[in-house]
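# Structure assessment
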Amino acid sequence: MLLPSTEAGRGRPVVLLHARPTDRTMWDAHLPLLAEAGVRAIAPDLPGHGDAITPAHREVAPWSDVLDTLDHLGADRFVLAGNSLGALVALQAAVTAPERVEGLVLVGYRPHDQPASPRLNAAWEAERAALAAGDMNAAVKAGVEAWTSAGATEEVRAHCARMLRRRLTEQLDHGEPPQAADPLGTGPVALRTLRGVPALVGVGEHDMPDFHEGGKGLARDLDAGRIAVIPGAGHLAPLERPAVFCTLLMDFVRRLPRQASSTHA
């Protein structure tokens, strides 16, 4: 499946993978900043999000779709940057095609087998209960409260609400498609094969403890050093703090060795 995408700039490809309750418009503020910084920023919709509608009963493998889309766009080698679900898909793509990945920037990661905190369980339950009651407004409000910080601007909250409403509406209309077998498997074995890939792990300062703990574990598995804490932000840290995130990302990218060719676009 070729994924709808938006891009800006020229240079080394940097692929921006969005979080679960969002879509590629999460990166609207980042694209011009990254283009100005001298990279080719590519933001796809992941399957089942935004404009990437998945056919009924189609098994989805987001990591394969990302790689196929980058083939189509002529990006041979690239940096993968992901938030939440996007961080997971970045890791899955990296394990699938490590020779193509120049670096990983992963924010708001939590392994699925990590027990959920009371705060995370409460967030999931609030959304489920609202949807079961047919109250989309309450479900959207619960999501915005869970995934953004108390200090998020009204603009950020409104943007988050629009993306979340669209995602939940499509989820209700089409259901959740079956998932292909996860290339990460279970446990940290597959992740440790990526220790040769430069990586930066981050988390929002005010994110749930699940993602602080998950980020620290991921940094250990990838041998990525200390995690970067994005100040004043919640789970959707790049959305709340686009300039801070882009600075963090570009500082990382500029330290990477240059490749002879990273794109044939």
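Our subject is the structure that appears above.
To keep things clear, this report deals only with the structure shown in the data block. (Residues numbered from 1 in each chain as written. Predicted model: local features only at pLDDT ≥ 70, side-chain atom pairs only at ≥ 80, totals over all residues. Heavy atoms only, no water.)

### Considerations on the pairing of strand S5 (residues 101-107)
- Of all 7 residues making up S5, 7 are buried, and the element is well covered by its neighbours.
- Relative to S5, strand S4 (residues 78-83) is paired through 6 bridges, and the arrangement is parallel. Counterpart to leucine 80 in the pairing with S5 is leucine 104.
- Following the chain from S4 across helix H3 (residues 85-96) to the adjacent parallel S5, one finds a crossover that is right-handed.
- Taken together, the 4 bridges between S5 and strand S6 (residues 199-204) define a ladder with parallel strand orientation. Bridge assignment links leucine 106 to a residue of S6, and that residue is valine 201. (Buried < 20%, exposed > 50% of the residue type's maximum accessible area, 1.4 Å probe, protein only. Helix = DSSP H or I, 4+ residues; strand = E, 2+ residues; numbered from the N terminus. Pairing = 2+ DSSP bridges. Right-handed = clockwise from strand over helix to strand, strands pointing away.)

### Examining the environment of arginine 162
- Within the secondary structure layout, arginine 162 lies in helix H6 (residues 154-174).
- Of the residues examined, arginine 162 reaches a relative accessible area of 53% and is grouped as exposed.
- Here the alpha-carbon distance between arginine 162 and valine 39, two residues 123 residues apart in the chain, equals 28 Å.

### Some points on the side chain of arginine 110
- Secondary-structure assignment places arginine 110 in the loop between S5 and helix H4 (118-132).
- No salt bridge forms around the buried arginine 110; measuring N to O, its nearest opposite-charge neighbour aspartate 210 is 4.1 Å away.
- For arginine 110, the side chain forms a polar contact with the main-chain oxygen of glutamine 114, separated by 2.5 Å.
- Sequence-distant contacts of arginine 110, defined by excluding residues within four places in its chain, comprise Pro115, Ala116, Leu120, Trp124, Asp210, Phe211 and Gly214. (Lys, Arg positive; Asp, Glu negative; His and termini not counted. Salt bridge = Lys/Arg side-chain N within 4 Å of Asp/Glu carboxyl O. Polar contact = N/O pair within 3.5 Å; in protein donor to acceptor, adjacent residues only side chain to side chain. Contact = heavy atoms within 4.5 Å.)

### Brief notes about the nonpolar core
- By size, the foremost hydrophobic cluster in this structure holds 86 residues, and its most contacted members are Leu16, Leu80, Leu91, Leu104, Leu222 and Leu249.
- Broken down by element, this core gets its largest block of residues, 7 residues, from H3.
- Not counting chain neighbours up to four residues away, the residues in contact with leucine 80 comprise Val15, Leu17, Ala90, Ala93, Ala94, Val101, Gly103, Leu104 and Val105. (Core = buried A, V, L, I, M, F, W, Y, C linked by side-chain atoms within 4.5 Å.)

### Thoughts on the pattern of salt bridges
- Taken as a whole, this structure holds 14 salt bridges when the rule is applied.
- Notably, a salt bridge pairs aspartate 51 with arginine 166, separated by 2.6 Å at the nearest N-O pair. Of the two residues, aspartate 51 sits in the loop between strand S3 (39-44) and helix H2 (62-72) while arginine 166 sits in helix H6, which places them 115 residues apart along the sequence.
- For aspartate 51, a relative accessible area of 41% translates into the label partly exposed.
- Of the residues examined, arginine 166 reaches a relative accessible area of 35% and is grouped as partly exposed.
- The residue aspartate 71 makes a salt bridge to arginine 100 at a minimum N-O spacing of 2.9 Å. Taken together, the positions of aspartate 71 in helix H2 and arginine 100 in the loop between H3 and S5 put the pair 29 residues apart, joining distant regions of the chain.
- One network of salt bridges, in which partners are shared, links Arg24, Asp45, Asp51, Arg166 and Glu170.

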